Amino acid sequence: MPSVKYQRGEMVMGRWPGSSLYYEVKVLGYDTKSQLYTVIYKDGTELELKEQDIRNIAGFQTRSRSRSRSRSPGRRRSRSRSPARTTRRSSSRTAAAVAAAAIMESAPSSRRDAKLKDTLEVRLSPLVSARAFESKVEAEPELNQGRYNLRRRKEDGDAKPVETKPEQLEEKDAKVAAAAPANLSTPLDFGGKIGAYFWLLFLPAWVLFVVLQGDLEDPSLVNFPPPLPPLEEFWDAQALGFVILWVLLQALLYILPFGKLSEGMPLSSGERLKYRTNGFFAITVSALAAAAAVYLGVDLTYIHSHFLQLATATFLISVLLSAYLYVHSCYAEPAQLALGGNSGNVVYDFFKGRELNPRIKNFDLKFFCEMRPGLIGWCLINFAMALAEMKEQRLDAPSYSMILVNLFQLLYVVDGLWNEEAILTTMDLMHDGFGFMLAFGDLVWVPFTYTLQAYYLVSHPNPLIPSLSLCLLVVGFYIFRKSNSEKNAFRRNPSDPKLSHLKTIPTATGKSLLVSGWWGVVRHPNYLGDLIMALAWSLPCGFSHLLPWYYMIYFIILLVHRDSRDMSECRRKYGSAWDEYCRTVRYRIIPRVY
Ligand SMILES: NC(=O)c1ccc[n+]([C@@H]2O[C@H](COP(=O)([O-])OP(=O)(O)OC[C@H]3O[C@@H](n4cnc5c(N)ncnc54)[C@H](OP(=O)(O)O)[C@@H]3O)[C@@H](O)[C@H]2O)c1
Ligand SMILES: CC(C)CCC[C@@H](C)[C@H]1CC[C@H]2C3=C(CC[C@]12C)[C@@]1(C)CC[C@H](O)C(C)(C)[C@@H]1CC3
C-alpha cells in the first residue's frame, strides 16, 4: 500500500464507530476508491474506518495511562473478580463505557469534556495477538463500500471441544480477550423487516385460532380455518372493563411499598435501576381476592364463557401500549435504547421494541408487564377453567388432570414471582427493547395461550398419567430453579463464596462466564428444565388431540430460537471468550443431543 498513512499489518488505534473510544486494531488493507482502511479488532470484528478515525499507538499510550486513574462506574465493575480468577486484570473497557461514549458524540461540549476523562480510559497493556488475528493480515480481504462495514465472524457455536482445562482457558483468554469492542447495533432477527410484518399479523391470528379451536368438540388442524364468529361477538365493553380493572389492581399492588427494592444489572450508563420485587405479595393478594369473589358469589366461569372477548380487549390494550412505547422511545436518550430494536425501520422497531427500560417515574413498564397482569392472570384463568370444568362436566371437584395442570403451572408462576429478582438477569430485562413483541407476549400470549391445557380440559376430559407427570415436574423444576439461581447469584456477586467451587472464563467486558456447575453441563440448562416441565403439564391432557401439545411445540421453537439469539448476542459481547466457552460446553440445551 504505497502513499497511505497506515500500512498493512501495522498496529494502530481505531475509533469505535459512533463513540470516542479507541481500540488497538491491526490494519488489514486500504481501499483507494472508498479511501477506507479495513481493520481488525482483537475479537475478530472487522470494520472499515476513515483515516481520521485512526491514530498512532505511541501518542495514545502516554495519554491514556495518565488518565487511567479516574474510575467510571463501568470501570469499577470491570474489576470485580470471579472466584476462580487469578490476579490478572481484564485489559479492556466495559461495554458500558463504549455505549456511554456513543452518547458523548451528541452531548454538549461542556458535558462532553467532563466525560472525556472517563471515556478515554482505554487500557493499553501489551496485547498478545490471537492466531486468527495475525493470519488475517496475510490475505487481503475484499473491501466494501460502506462507511462502517461490520463483518461478523462466522458463528462457531458447534466447534469441536478442546482438551483445555478451564483454568488454562482463563490464562489464555485474559490475554486474547483484551480490547474487544461492543457493537452499537445488532443484526435484525425474527426475519428482519418482512418478518416483523409477518409476526404482527400472525401472532394475533394464532391466538384467535387457538381460542376458537379450544372450544370445539374436535379441535383439529383439519378444522382450519375455524368457523369465525360474527364480528360483534369479538367485542364486549364489560370484558374490556374487567381487563382494565385487573391491570389497575396489579399496578396498584406493584407500587405499594411492600417487599424488596431490588437493583437491576448495570446499564450502559453504569446506573442500576431499582425494581419493587413484591410479586409474591401481588399473587397472594390476587388469590385472596379471587377466593373472596367466589365466596361472594361472583361467577368466575365468565372468564371461560367470554374468553374470546377478554382476549380481544387485552389485545387492544397491548396495541395501545405498544404505540405508546414507540412514541415514548422517540423522546428517550440514546443510552436508553436497546441495541436490537433500533434499525430505523418503523415496523420492525415497533415490533421489536426500541427502549430498554421505559418507565413512568419509577414504574417500570416492561418489568410490570412481564411479571404481573399476564403471569398472575394465567393462574386466575386456569382457576376459572377448573370452575368451568366442574360446571360443564357436572363435577363436584375438578378432574385430576385439571388439578395437576393448575398446580404445576401455579408452581411455575409462584416460583417466578418468589424469585422475581432473578428476572433482572434474563435476556428480556437486560437486552430486549420493550415493544409489541413483549407487550403482546406478556399481556395476550401468556394468559390466552399458556392456559390452553386448562381451557382444553374444560370440555375434553382425559385419563391422566400422574406418576410420570409428577416425576418429570420434579426433575424439570429442580434443573430449572437450580440453574437459574446459580446464574443469577453469580451475576449479582461473582465472588459469592458459595460459588467459589465453580470454574469461570474471564471475558473482555470484565464479566466472567460460568463453565462448570449447571452452566458447564449445557449452555442453557434452565431451558432444559423448563422444557421438561412443559412436558409434565402437557401429559395430563392425553394424546387425543394435538392442541394441548401446542405449548410444547411452541416452546421448543421459542427456546431454540432464543438460544440462538442469545448465542449471537453473547458472541458479540464476549468474542473469543465466548468461543472458548462453546468449545468447552459443547451442547446447547440437551446434553449429547443438541
Ligand atoms: N415460559 C416461557 O414462555 C419462557 C420463555 C422464555 C424463557 N423462559 C425462561 O426464562 C428464564 C430466563 O431465560 P432467558 O431466555 O432470559 O435466558 P437466560 O439463560 O436466563 O439468560 C441468558 C443470559 O445469561 C448469561 N449467560 C449465558 N451463559 C452464561 C454463563 N455460562 N455464565 C454466566 N452467565 C451466562 C448471558 O447474559 P450476560 O452475560 O449478559 O449476563 C446471557 O445473555 C429461563 O429459565 C427460561 O427457561 C420461559
Ligand atoms: C412469540 C412471542 C409473542 C413471544 C413472547 C415471549 C414471551 C411471552 C416470553 C419471553 C420471556 C418469557 C418469560 C416468562 C413468561 C413468557 C415470556 C415473557 C416468565 C416470566 C415465566 C415465568 C418464569 O418463572 C420466568 C420468570 C423465568 C419467565 C421469564 C421469561
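What counts, and where the lines are drawn
Residues numbered from 1 in each chain as written. Chains lettered and ligands numbered in written order. Predicted model: local features only at pLDDT ≥ 70, side-chain atom pairs only at ≥ 80, totals over all residues. Heavy atoms only, no water. Near = heavy atom within 4 Å. Polar contact = N/O pair within 3.5 Å; in protein donor to acceptor, adjacent residues only side chain to side chain. Areas by Shrake-Rupley, 256 points an atom, 1.4 Å probe, with all protein chains shown as cover. Helix = DSSP H or I, 4+ residues; strand = E, 2+ residues; numbered from the N terminus. Nonpolar A, V, L, I, M, F, W, Y, C, P; charged D, E, K, R; others polar. Salt bridge = Lys/Arg side-chain N within 4 Å of Asp/Glu carboxyl O. Buried < 20%, exposed > 50% of the residue type's maximum accessible area, 1.4 Å probe, protein only. Contact = heavy atoms within 4.5 Å. Phe/Tyr/Trp six-rings, centres within 6.5 Å; stacked < 30°, edge-to-face > 60°. UniProt positions renumbered as here; feature names shortened; annotations may be inferred. pLDDT = per-residue confidence, 0-100. Expected span 1.5 Å × (residues − 1). Arc of directions from axis to C-beta. Axes fitted to C-alpha atoms, helices over the stretch in contact; angles between N-to-C directions. Parallel < 35°, antiparallel > 145°, perpendicular 65-115°, else oblique.

1. Some thoughts on the site of ligand 1
Reasoning step 1: Near ligand 1 you find 30 residues, and of these Tyr450, Arg491, Tyr527, Lys573 and Tyr574 are the closest.
Reasoning step 2: Leucine 514 has a polar backbone atom sitting 2.9 Å from a nitrogen atom of ligand 1.
Reasoning step 3: Interatomic distance of 2.3 Å between a side-chain N/O atom of tyrosine 574 and an oxygen atom of ligand 1.
Reasoning step 4: Here ligand 1 loses 93% of its free accessible area of 910 Å² to cover by the protein chains.
Reasoning step 5: Put simply, the parts of the chain that give the shell around ligand 1 at least two residues each are helix 16 (427–430), helix 19 (466–492), strand 11 (512–514), helix 20 (525–538), helix 21 (550–574) and helix 22 (576–584).
Reasoning step 6: Residues that form the shell around ligand 1 fall into these classes: 17 nonpolar, five polar and eight charged.

2. Some words on the pattern of salt bridges
Reasoning step 1: For the coordinates displayed, the defined rule picks out 15 salt bridges.
Reasoning step 2: Measuring nitrogen to oxygen at the nearest pair gives 2.8 Å for the salt bridge that ties arginine 572 to glutamate 569. Within this pair, arginine 572 and its partner glutamate 569 are both found in helix 21, separated by three residues, close to a single helical turn. In this pair, the class of arginine 572 matches that of glutamate 569, namely buried.
Reasoning step 3: Salt bridges linked by common partners bring Lys260, Glu421 and Arg492 together as one network.

3. Some words on the side chain of arginine 481
Reasoning step 1: With respect to the helices and strands, arginine 481 occurs in helix 19.
Reasoning step 2: Residue class for arginine 481 comes out buried when judged on its relative accessible area of 15%.
Reasoning step 3: Residues in contact with arginine 481, not counting those within four places in the same chain, are Asp415 and Asn419.

4. A short note on the packing of aromatic side chains
How two aromatic rings sit relative to each other is given by the distance of their centres and the angle of their planes.
Reasoning step 1: In this structure the tally under the stated criterion is 40 aromatic pairs.
Reasoning step 2: Ring geometry for phenylalanine 307 versus tyrosine 455: centroids 4.5 Å apart, planes at 50°, classification tilted. Taken together, the positions of phenylalanine 307 in helix 11 (residues 307–330) and tyrosine 455 in helix 18 (residues 452–459) put the pair 148 residues apart, joining distant regions of the chain. Tyrosine 455 shares its class with phenylalanine 307; the two are buried.
Reasoning step 3: Taken together, a centroid distance of 5.1 Å and an interplanar angle of 15° make the contact between phenylalanine 436 and phenylalanine 440 stacked. Placement of the pair is phenylalanine 436 and phenylalanine 440 together in helix 17 (residues 436–449), with a separation of four residues, close to one helical turn. For the pair phenylalanine 436 and phenylalanine 440, one class covers both residues: buried.

5. Observations concerning the UniProt feature "transmembrane region" (unreviewed entry) in the protein chain
Reasoning step 1: When the UniProt feature table is mapped to this numbering, "transmembrane region" (unreviewed entry) covers residues 194–214, 234–256, 277–295, 307–327, 438–458, 464–480, 501–522 and 534–560.
Reasoning step 2: End C-alpha to end C-alpha, residues 194–214 measures 30 Å, and it is 100% helix and 0% strand.
Reasoning step 3: Measuring from the first to the last C-alpha atom of residues 534–560 gives 14 Å, for a span that is 59% helix and 0% strand.

6. Examining the site of ligand 2
Reasoning step 1: The environment of ligand 2 is made up of 15 residues, and the closest members are Glu370, Gly416, Ile423, Asp428 and Asp442.
Reasoning step 2: When ligand 2 is considered free in solution it has 620 Å² of accessible area, and contact with the protein chains removes 87% of it.
Reasoning step 3: Mapped onto the shell around ligand 2, the elements with two or more residues apiece are helix 13 (365–371), helix 15 (400–418) and helix 17.
Reasoning step 4: Looking at the shell around ligand 2 element by element, the count peaks at four residues for helix 17.
Reasoning step 5: For the shell around ligand 2, the residue count by class is nine nonpolar, two polar and four charged.

7. Some remarks on the confidence of the model for the protein chain
Reasoning step 1: Per-residue confidence for the protein chain averages 77 on the pLDDT scale, and 75% of its residues sit at or above 70.
Reasoning step 2: Predicted confidence is poor over residues 61–184, with pLDDT under 50, and the contacts of this stretch with residues over four places away or in other chains come to 279 contacts.

8. Section: helix 8 (residues 237–255)
The periodicity of an α-helix, 3.6 residues per turn, causes residues three or four places apart in sequence to face the same way.
Reasoning step 1: Along its 19 residues, helix 8 runs 27 Å from first to last C-alpha, staying within 8% of the 27 Å computed at 1.5 Å per residue.
Reasoning step 2: Within the span of helix 8, buried status applies to Ala239, Leu240, Val243, Trp246, Gln250, Ala251, Leu253 and Tyr254. One side of helix 8 holds all its buried residues, which, seen down the axis, span an arc of 165°. Away from its buried face, by an angle of more than 90 degrees, helix 8 presents the exposed residues Ala237, Leu245, Leu248 and Ile255.
Reasoning step 3: Between the side-chain oxygen at the start of helix 8 and the backbone nitrogen of glutamine 238 there is a gap of 2.8 Å, and the oxygen is on aspartate 236.

9. Comments concerning the packing of helix 20 against helix 21
Reasoning step 1: Interaxial distance between helix 20 and helix 21 falls to 10 Å at its minimum, and their mutual angle equals 170°. In terms of orientation, helix 20 lies roughly antiparallel with respect to helix 21. Touching Tyr527, Asp530, Leu531, Ala534, Leu535, Trp537 and Ser538 of helix 20 are Tyr551, Met552, Phe555, Ile556, Leu559, Arg562 and Asp563, all from helix 21.
Reasoning step 2: Its residues assigned to classes, the contact of helix 20 with helix 21 comprises 10 nonpolar, one polar and three charged.

10. What about the packing of helix 7 (residues 192–214) against helix 17?
Reasoning step 1: Two elements in contact, helix 7 and helix 17, have axes whose closest approach is 11 Å; the angle formed by their N-to-C orientations is 10°. For the element pair helix 7 / helix 17, the angle class is roughly parallel. On helix 17, the residues that touch Leu200, Leu203, Pro204, Trp206, Val207, Val210 and Val211 of helix 7 are Phe436, Phe440, Val444, Trp445, Phe448 and Thr449.

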